Amino acid sequence: GDQLIYFYDARTDHVPFLTVANPGATPVVIEVAFYPANLSSRLGEAVFTLPGGGNVVIDPTSSSVAGGAANGNAGLAVV
């Protein structure tokens, strides 16, 4: 499958948002995994369903996204 890699910075005084779109007509399920800058281990993951032609804006600092595991960190988000 396809993968997207985003850099995020959810440290103090930073406001990160990731946007993922589905250009196709059928819904897709995506998993977003968050890693710290040193890539030592996965901080957490979240699963989203995007409708056909839809998109999602992901706030890595939100407690509803991977339990807020990325909050206070900077690193990579892999979709």
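This text gives an overview of the structure that appears in the document. In this numbering scheme, every chain counts its residues from 1 along its sequence in written order. Local features are withheld for residues below a pLDDT of 70 in this predicted model, meaning they are given only at 70 or higher, and side-chain atom pairs are given and counted only at 80 or more; totals for whole chains, interfaces and linings count all residues. Derived side-chain values reflect all non-hydrogen atoms in the structure, with water molecules and hydrogen atoms excluded from consideration.

What about the overall build of the protein?
Alright, step 1. The number of helices and strands found in the protein is 0 helices and 6 strands.
Alright, step 2. Helical segments are the DSSP runs of H or I of at least four residues, strand segments are the runs of E of at least two, and each set is numbered from the N terminus. The linear arrangement of helices and strands in the protein, starting from the amino end, is β-β-β-β-β-β.
Alright, step 3. Computed over the C-alpha atoms, the radius of gyration of the protein is 12 Å, within 12% of the 12 Å expected from 2.2 N^0.38 for a compact globule of 79 residues.
Alright, step 4. For the protein, the spread of C-alpha atoms along the three principal axes comes to 40 × 25 × 20 Å.
Alright, step 5. The rule is simple: take the accessible area with a 1.4 Å probe, protein chains only, and divide by the maximum for that residue type; under 20% is buried, over 50% is exposed, in between is partly exposed. Taken over 79 residues, the protein has a buried fraction of 35%.
Alright, step 6. Contacts are assigned to residue pairs that have any heavy atoms within 4.5 Å of one another. Of the contacts made within the protein by residues no fewer than 6 positions apart, 64% connect residues no fewer than 24 positions apart.
Alright, step 7. Here the protein displays about 4600 Å² of accessible surface, and carbon together with sulfur accounts for 52% of that area. Each radius of gyration reported is based on C-alpha atoms, and the globular scaling rule is 2.2 Å times the count of residues to the power 0.38. For the accessible areas, the method is Shrake-Rupley and the probe is 1.4 Å, while residue cover comes only from the protein chains on display.

Side note on the sheet that holds strand E1 (residues 5–9)
Alright, step 1. Two strands qualify as a pair provided that DSSP identifies no fewer than 2 bridges between them. As summarised here, the arrangement of the 4 strands in space is E1-E6-E3-E4, forming an open sheet in which the pairing is antiparallel. Every interior strand has two partners, whereas the edge strands, E1 and strand E4 (44–50), have only one. Averaged over all adjacent pairs, the angle separating strand axes in this sheet is 25 degrees, with direction ignored.
Alright, step 2. Strand direction decides the pairing type here: strand E3 (residues 28–36) and strand E6 (residues 74–78), joined by 4 bridges, are antiparallel. When the sheet's bridge partners are listed, Tyr 35 is paired in E6 with Leu 76. Here, axes are lines fitted to C-alpha atoms. For helices the fit covers the stretch in contact, and angles between N-to-C directions go from 0 to 180 degrees.

Digging into a nonpolar patch on the surface
Alright, step 1. Taken together, the side chains of Val 15, Phe 17 and Val 57 present a nonpolar region at the surface, about 330 Å² in accessible area.
Alright, step 2. Mapped onto the secondary structure, Phe 17 falls in the loop between E1 and strand E2 (18–21).
Alright, step 3. Residue Phe 17 is classed as partly exposed on the basis of its relative accessible area of 48%. Residues enter patches when their relative accessible area tops 30% and they take part in no salt bridge; the joining distance is 9 Å for like charges and 5 Å for the nonpolar side chains Val, Leu, Ile, Met, Phe, Trp and Tyr. Only one rule defines a salt bridge in this text: a Lys or Arg side-chain nitrogen within 4 Å of an Asp or Glu carboxyl oxygen.

Overview of the nonpolar core
Alright, step 1. For the purposes of this section, nonpolar cores are sets of buried Ala, Val, Leu, Ile, Met, Phe, Trp, Tyr and Cys residues that join through side-chain atoms within 4.5 Å. Grouped together as the largest cluster of nonpolar side chains are 17 residues, with contacts concentrated most on Val 20, Ile 30, Val 32, Phe 34, Phe 48, Val 56 and Ile 58.
Alright, step 2. If you list the elements that add at least two residues to this core, you get E2, E3, E4 and strand E5 (55–58).
Alright, step 3. Aside from chain neighbours lying at most four places away, what touches Ile 30 is Val 20, Ala 46, Val 47, Phe 48, Leu 50, Val 56 and Val 79.

Here we look at the environment of Arg 11
Alright, step 1. Along the polypeptide, Arg 11 turns up in the loop between E1 and E2.
Alright, step 2. It is 4.2 Å that separates the C-alpha atoms of Arg 11 and Gly 72, two residues lying 61 residues apart in sequence.
Alright, step 3. Aside from chain neighbours lying at most four places away, what touches Arg 11 is Gly 72, Asn 73 and Ala 74.
Alright, step 4. At 2.6 Å, the side chain of Arg 11 and the side chain of Asp 9 are in polar contact. Between N or O atoms, a polar contact is any pair within 3.5 Å; within protein, one atom must be a potential hydrogen donor and the other a potential acceptor, and residues adjacent in sequence are included only when both atoms are from side chains.

As far as function goes, none of this settles anything; it's purely spatial.
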